[in-house]
Amino acid sequence: MPTASTLSSVRRRWLGRTALAAGLLGLCATAGAQAWPSKPITLVVGFPPGGSNDIVARIIAPRLGQELGVPVVVDNRAGANATIGTEYTVRAAPDGYTITLGSASPLAISPHTYPKLPYDPLKDLAGITTVAATPELLAINPKVPATTLAELVALSKTRDVTISSSGNGGLPHLAIELLKSESKGRVVHVPYKGAAPAMADAVGGHVDGILVDLPALYTMVNEGKLRAVAVTQERRASVMPNVPTSAEGGLPSVLAFNWFAVMAPAKTPKPVIDRLHAALVAAVHAPDIKASLAKVGIEPFTQASPEAFNAFMQTESVRWGKVAKASGAVATE
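Below is a summary of the structure that appears in this document. This structure is a prediction, so every number in the text was calculated from the model and none was measured.

## Overview of the overall build of the protein
Here comes step 1: The helix and strand inventory of the protein stands at 12 helices and 10 strands.
Here comes step 2: Looking at the protein residue by residue over its 333 residues, the buried ones come to 48%.
Here comes step 3: Sequence separation of at least 24 residues holds for 79% of the intrachain contacts in the protein that already meet a minimum separation of 6.
Here comes step 4: Entry remark: accessible area of the protein is about 15000 Å², with carbon and sulfur atoms responsible for 59%.

## Overview of the pattern of salt bridges
Here the idea is simple: oppositely charged side chains can pair when their charged atoms come close.
Here comes step 1: According to the stated counting rule, one finds 13 salt bridges in the structure shown.
Here comes step 2: Put simply, Glu87 and Arg91 hold a salt bridge, and the shortest N to O gap is 3.0 Å.
Here comes step 3: Note on Glu87: relative accessible area 23%, which makes it partly exposed.
Here comes step 4: Connected through salt bridges with shared partners, the residues Arg63, Glu67 and Asp288 form a single ionic network.

## A few points about helix α9 (residues 214-222)
Here comes step 1: Regarding α9, the residues found buried are Leu214, Pro215, Leu217 and Val221. The arc that holds every buried residue of α9, seen down its axis, measures 155°, which confines them to one face.
Here comes step 2: Looking at the buried side of α9, the elements it contacts are α2 (52-68), β4 (125-140), α8 (195-204), β7 (209-213) and β8 (227-231).
Here comes step 3: With its phi angle positive at about 80°, Gly224 sits one or two positions after the end of α9.

What counts, and where the lines are drawn
- Residues numbered from 1 in each chain as written.
- Predicted model: local features only at pLDDT ≥ 70, side-chain atom pairs only at ≥ 80, totals over all residues.
- Heavy atoms only, no water.
- Helix = DSSP H or I, 4+ residues; strand = E, 2+ residues; numbered from the N terminus.
- Buried < 20%, exposed > 50% of the residue type's maximum accessible area, 1.4 Å probe, protein only.
- Contact = heavy atoms within 4.5 Å.
- Areas by Shrake-Rupley, 256 points an atom, 1.4 Å probe, with all protein chains shown as cover.
- Salt bridge = Lys/Arg side-chain N within 4 Å of Asp/Glu carboxyl O.
- Arc of directions from axis to C-beta.

If you want it as structure tokens, here you go:
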């Protein structure tokens, strides 16, 4: 029968080995976090080249790569209002090597407008941070007899005013629904499959106007092919300082700005999420990146932490969920 001293000695040896094993595991975990990243990172964009999401991704990707010490490759996986690219990221390995740059529509609005979305952004993705933002811009064909938002609203009390968007169920659609409900006018939403055909018909006079991300309309407004009447945010856009806000036009509740955010698959290790957050914030606020974004009407917009971003996205989801429910907006392919 072992003595008390023998049991004590065995216990000390067992505790010592346990502590050593725990220490080794801790060192391995630390080493693993420090070793990341060790290969190129894929930044998935759920929209085709040329759109706002793609523009933001291609501006920040090279600088993000510099911050992390590995290449960051933009991978366009377009379709279904970015649900294809987002689902691809959801199903990717949670190792930090596949991340996605999404925006308000696929991350905060689609869960309320797509009847069978194959994922829940709040549960199946790990938030990192928003990186940039741009307002929606309401612009009309120059032949429409209105020069301000107030005049356009007055016109909508006398006849239908047709406003095109890039499609059903996204941010521009819900912004038009806000315009319709707040103005009490005869505003008619005309959805298209993308911003390009929506803009072409606005320029051609087949619809009265268009409401989409400001960068998509910047050139057409500057060339005089469209007349900008309002930006849907609380302050004027620096790239279009002469264009009033929706509040200045008498509709302060018509607020809709498109934010762009980077997310990773759920269960991505916290040290990797924190490293990505720090690198993204540094990249976006670099002077040359800020200047490149400003040229197309986009501004840096970051969160203090991944936790702060998750809280922001929850608030946005609740807000747009209410608008979607009240308007009955549903996404269609």
